[in-house]
Amino acid sequence: MMILISLCLTVLSVGRASAQNPPEWTAPFPPFKIAGNLYYVGGKDLASYLVTTPQGNILINSNLEETVPQIRASVEKLGFKFSDIKILLISHAHRDHDAGSNRIKTLTGAKYEVMDEDVSVVESGGKTDFAYGNDPTTPKYAPTHVDRVLHDGDVVKLGGTELVAHLTPGHTKGCTTWTMKVTEGGKTYNVVIVGSTGINPGYNLVDSKVYPQMAADYEKTFRVLKSLPTDIFLGAHGGYFDLEAKYPRYQKVGFTAFVDPVGYQQFVKERELGFREELAKQRAGR
């Protein structure tokens, strides 16, 4: 069942254009405190996270340009100033996660920090994307200057909070999984925000001329994800970590609804199985 859901999400997250975005991309969702200084300010499907510190705040994922007002409203509903966002991060360089970056930088003056392998994509507005850059049916977006180029293992620090950037490539060359620690009720929890493991339609795992190491990169991603200590499981899409199903429980029991190491392990296991099945299928069809 989870694999089927994952495949559906992969189709939704593909960069190809349509006359209209999938409704899940722009549907609002109530903002809420996850745990410690970590808050959810995204929509029903496109996840966005606010990390608050005494020296300003960090936003993970700008999402679509048209959803920036939605993110701003969520931040302000929680009692924070949108202008206090000092650092902007993303999970990966697909327009449903980074098209709003230029607008957010303009509104807040935030420093934009992006994994090295995705920098050219965000700075070209999607034109150098290996899969969709030359596709005229794929919407492009405002190019956004990157202020700090990140590398695997780099740490983003602000106001005593640290986030670690883990390169988990394949879905994009610079796809990034973020980890941090939060403290709630006197206990410290490991947070993992998965970038993506999706294999979009048209991805060539076997003999891609534009991304020849794609399969090897997916292999690296699953090794990395399996190595991460995880208590609170989150991701770039709400569907990754069952946001809609967990939120009603969160309203009753609090943050423990998102403490789900077993669900994380199952997610990684099923995504890896899906990858191996697709790889075998493509190899058989060569």
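See the structure above.
Structure report, in brief. As the structure is a prediction and not an experimental result, all values here were calculated from the model. Numbering of residues starts from 1 in each chain and follows the order in which that chain's sequence is written. Where local features are concerned, this predicted model is filtered to residues with pLDDT of at least 70; where side-chain atom pairs are given and counted, the filter is 80 or more; whole-chain, interface and lining totals use all residues. The side-chain figures draw on all heavy atoms in the structure; neither hydrogens nor water molecules are used.

### Re unusual backbone geometry
Its identity as a non-glycine residue notwithstanding, Asn61 has a phi of 85°, on the positive side. Tracing the chain through its elements places Asn61 in the loop between β4 (56–60) and α3 (68–77). Burial status follows relative accessibility: with a 1.4 Å probe on protein chains alone, a residue under 20% of its type maximum counts as buried, one over 50% as exposed, and anything between as partly exposed. Given a relative accessible area of 0%, Asn61 falls into the buried group. Positive phi outside glycine occurs at Asp242, with the angle close to 60°. Strands here mean DSSP runs of E at least two residues long; helices mean DSSP runs of H or I at least four residues long; both are numbered from the N terminus. Tracing the backbone shows Asp242 in the loop between β12 (232–235) and α8 (243–253).

### Re the sheet that holds strand β3 (residues 49–53)
For two strands to be treated as a pair, DSSP must find at least two bridges joining them. Read from one edge of the open sheet, 7 strands run β1-β2-β3-β4-β5-β6-β7, paired in mixed fashion. Of all strands in the sheet, those bounded by a partner on one side alone are β1 (32–35) and β7 (148–150). Neighbouring strand axes in the sheet, compared pairwise and without regard to direction, differ in orientation by 25° on average. Two elements, β3 and β4, share 5 bridges in a ladder whose sense is antiparallel. The partner of Tyr49 across the bridge, within β4, is Ile60. Note on definitions: a residue-residue contact is assigned when non-hydrogen atoms from the two residues lie within 4.5 Å. Helix axes are fitted only over the stretch in contact, all axes being lines through C-alpha atoms; the angle between N-to-C directions runs from 0 to 180 degrees. Docked against the sheet, helix α6 (residues 116–123) engages β6 (111–115) and β7, running at close to 125° with respect to β6. Lying over the sheet, α8 contacts β1 and β2 (38–40), oriented at roughly 90° with respect to β1.

### Some details on the pattern of salt bridges
Any Lys or Arg side-chain nitrogen located within 4 Å of an Asp or Glu carboxyl oxygen qualifies as a salt bridge. Counting across every chain of the model gives 12 salt bridges. The salt bridge involving Lys33 is made with Glu184; its shortest N-O contact spans 3.6 Å. On the criterion of sequence distance, the pair formed by Lys33 in strand β1 and Glu184 in strand β10 (residues 176–184) is long-range, its members being 151 residues apart. Arg276 is the salt-bridge partner of Glu272, the closest N and O atoms lying 2.8 Å from each other. Remark: Arg276 and Glu272 occur in helix α9 (residues 261–284); sequence separation between them is 4 residues, near one turn of the helix.

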